[in-house]
Amino acid sequence: MGKVIVCRCEDVTLEDLRQAFAAGHRDLESLKRFTGLSTGFCQGKCCAAHAGRFLAELRGGDDMVCDPTRTRPLLHPTPAACFAAIASGEAPDQEDA
Amino acid sequence: MRDRAELVIIGGGVLGLSLAYHLARMGLGDIVVIEQGYLCFGASGRNGGGVRQQWSTEDHIRLARRSVAIYRRLAAETGFNIWFRQGGYLFLSRDAVAAATLERNVKLQNSLGLRTRLLSPAQARRLVDGLDTSGVELCAYNPDDGVLFPWPVVWGLARVATSLGVEINTFCRATAIDVQGGRIVKVVTDRGAVATSRVVNAAGGWSSQVARLAGVELPNRPYRHEILVSEPLKPFLEPMVCDLADGTYFSQTMRGEICGGLSDPLEHSSLNTSSSLRFLSRMSASLLRLLPRLGGVKILRQWAGYYDETPDGNPVLGRTAGVEGFIQLNGFGGHGFMLAPAVGQIMAEWLLRRVREPLVERYGLERFSSGQLQRETLVIG
């Protein structure tokens, strides 16, 4: 198989995932950290599902399911100035994500 | 999983793994490490990677200095690039009291061999292009502080320790510590039990919970600490910038991201790692106050970890009265990564050679009942 890119933001290939798996990273959180997968501009929206499916394949067996990585804000990269404008010294935000 | 070991370490973070790494290199590899999540699950995978030697107590300065020396060679020793970049740390003070603290600290740091120096706001602006120093009284700068990428440090320590006989069990939770006649005999996990006479509590934010498994009460409490990163930018920011007024800190990682956080006086102790809009907005405002030209830079991601805080800002180390074999290695309050290499090495020597170690005695759990406290005042964020 030629070079297959899974994470386009961080240039992570299928072979990178295979090597990380061989090095003992058997869950998506660990694969993410070890390869940089899902840590770029799209924050996993483009690659996490593909990586999860590939990880399930590598694990083998009938269980073609794997836990996704924890979703973190922001939904979309947003300029710091937008948030600075809403800063206030009031009580903590009660609607923690 | 092994059913017996010389030593069991609860917590596969940078402290537990630094201890395992140093012990294994000194010849004691018969160690089982128990980690409740994946490697980097706790604060060791969630911190900003800052490694500074600018502290207010002699112990912390010495430990940080020794740690930096170890970090400088760790990539070669472990085979992992830890992306350690010594761009310095720049502290900003905004009132006479904080300025006097910096002056005092710099004197102490210089007497211990650090190259820290006081800078005027104008000198600080020359160091950080675009820095807004309005309201800044005095600055302190040590060119030998730096930032690293925490994850490869954890993997590197784990890899070497494993190659020397240490067994690291991830996704494994300690459920009981069996104490009989005042001595530890076994650790029970959700994947089986390990017979042992010595257990190290290196559980960071969970250290008080782990101590309770052995019937021990620690004064440590976990506090959420939030952090964020921006999109990557061309390298432009040499030092980590720390504002003493509100605990804001930020640096540029080797990937180019601006990474930083700030203190929140309203944060109360909890095991909560959710992300808040309050933090995102306060941090953005603070960042733009210091570097106004970053207004258009996009924030990519925010997350949170724990500071395992003690009443005096110092760690809890060593033996536990009443439970023979129960060893504490926790309470690092947000700076475990800065001190872990040296503390792991000192604790390893202390455990193996069974000699008196003044540092371990000074930071023993008993100090909280005897009242011998020496407060570290430079805890940031």
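Counting starts from 1 at the beginning of each chain's written sequence and moves along it residue by residue. Lettering of chains starts at A and numbering of ligands starts at 1, both following the order in which they are written. Side-chain atom pairs in this predicted model are given and counted only at pLDDT of 80 or more, local residue features only at pLDDT of at least 70, and totals for whole chains, interfaces and linings cover all residues. As a convention, hydrogens and water are excluded, and side-chain values are obtained from all of the structure's heavy atoms.

K.L.:
Tell me about the nonpolar core, and name the residues and values.
P.N.:
Considering soluble globular proteins, one finds that nonpolar side chains tend to be buried as a cluster. All names here are of chain B. Working definition of a nonpolar core: buried Ala, Val, Leu, Ile, Met, Phe, Trp, Tyr and Cys residues. They are joined through side-chain atoms within 4.5 Å. The rule is simple: take the accessible area with a 1.4 Å probe, protein chains only, and divide by the maximum for that residue type; under 20% is buried, over 50% is exposed, in between is partly exposed. The biggest cluster of nonpolar side chains holds 76 residues, and the ones touching the most others in it are Y71 and L329. Numbering of helices and strands runs from the N terminus, with a helix taken as a DSSP run of H or I at least four residues long and a strand as a DSSP run of E at least two residues long. Tallying contributions element by element places helix α8 (residues 336–353) first for this core, with 11 residues. A domain-level breakdown of this core finds at least three residues from each of domain 1 (7–46 + 151–220 + 312–370) and domain 2 (87–145 + 223–305). Beyond its immediate chain neighbours, meaning those up to four positions away, L329 contacts L15, G16, L19, V200, N201, A202, V316, L317, V343 and M347. In terms of nonpolar packing, the next biggest core, distinct from the first, is built from 29 residues, L92, L262, L288 and L291 among them. Just so you know, the domain bounds were taken from an automatic or database domain assignment. We call two residues in contact when some of their heavy atoms are within 4.5 Å.

K.L.:
Go over the interface of chain B and chain A, please, and point to the residues and values.
P.N.:
Every contact between the two is made by 34 residues of chain B and, on the other side, 32 residues of chain A. Here the buried area means the combined drop in accessible surface, using a 1.4 Å probe, for two parts upon being joined, counting both sides. Summing the contributions of chain B and of chain A, the shared interface buries around 2800 Å²; its carbon and sulfur component is 62%. We define a salt bridge as a side-chain nitrogen of Lys or Arg found within 4 Å of a carboxyl oxygen belonging to Asp or Glu. Where chain B meets chain A, there are 1 salt bridge. Between N or O atoms, a polar contact is any pair within 3.5 Å; within protein, one atom must be a potential hydrogen donor and the other a potential acceptor, and residues adjacent in sequence are included only when both atoms are from side chains. For the pair chain B and chain A, the number of links is 9 residue pairs in polar contact (both at pLDDT 80 or more). Summarising the sheet, strand β3 (residues 78–79) of chain A and strand β17 (residues 298–309) of chain B pair through 2 bridges and their orientation is antiparallel. What sits directly across from A:T78, in β17(B), is B:I299. Strands qualify as paired when DSSP identifies two bridges or more between them.

K.L.:
So what's going on with the sheet that holds strand β12 (residues 199–201) of chain B? Residues and values would help.
P.N.:
Residue and element names in this part refer to chain B. Read across the open sheet, the 6 strands follow the order β8-β2-β1-β12-β19-β18; overall the sheet is mixed. For this open sheet the edge positions go to β8 (167–169) and β18 (316–318), each flanked by a neighbour on one side alone. For this sheet, the mean inter-axis angle between neighbouring strands, taken without regard to orientation, is 25 degrees. For helices, the axis comes from a line fit to the C-alpha atoms of the stretch in contact; other axes are also lines fit to C-alpha atoms, and the angle between any two N-to-C directions lies between 0 and 180 degrees. Strands in contact with α8 are β18 and β19 (326–330); relative to β19, the strand with the most contacts, it is inclined by about 170 degrees.

K.L.:
So what's going on with the domain arrangement of chain B? Which residues, and what values?
P.N.:
Residues and elements named next belong to chain B. By domain assignment, chain B separates into domain 1 (7–46 + 151–220 + 312–370) and domain 2 (87–145 + 223–305). Between domain 1 and domain 2, the C-alpha centre-to-centre distance is 30 Å. At the junction of the two partners, domain 1 supplies 5 residues and domain 2 supplies 7 residues. Roughly 440 Å² of surface becomes buried between domain 1 and domain 2 when both sides are summed, with 56% attributable to carbon and sulfur atoms. At the boundary of domain 1 with domain 2, the tally comes to 0 salt bridges. Linking domain 1 with domain 2 are 2 residue pairs in polar contact (both at pLDDT 80 or more). In this count, Pro and Cys sit with the nonpolar residues alongside Ala, Val, Leu, Ile, Met, Phe, Trp and Tyr, while Asp, Glu, Lys and Arg are called charged and the others, Gly among them, polar. Looking at the side of domain 1 that touches domain 2 residue by residue, the classes come out as 2 nonpolar, 2 polar and 1 charged.

K.L.:
An account of the pattern of salt bridges is requested, with residue identities and associated values reported.
P.N.:
Residue and element names in this part refer to chain B. One pass over the full model with this rule turns up 27 salt bridges over all chains. One salt bridge in this structure joins R115 and D144, with 2.9 Å as the shortest N-O distance. Of this pair, R115 sits in the loop between α3 (96–111) and β5 (117–119) while D144 is found in the loop between β6 (138–142) and β7 (146–147), placing the two residues 29 residues apart along the sequence. A salt bridge links E226 to R224; the shortest N-O distance between them is 3.6 Å. Of the two residues, E226 and R224, neither departs from the other in class, the shared state being buried. When salt bridges that share partners are traced, they join R94, D243, D246 and R289 into one network.

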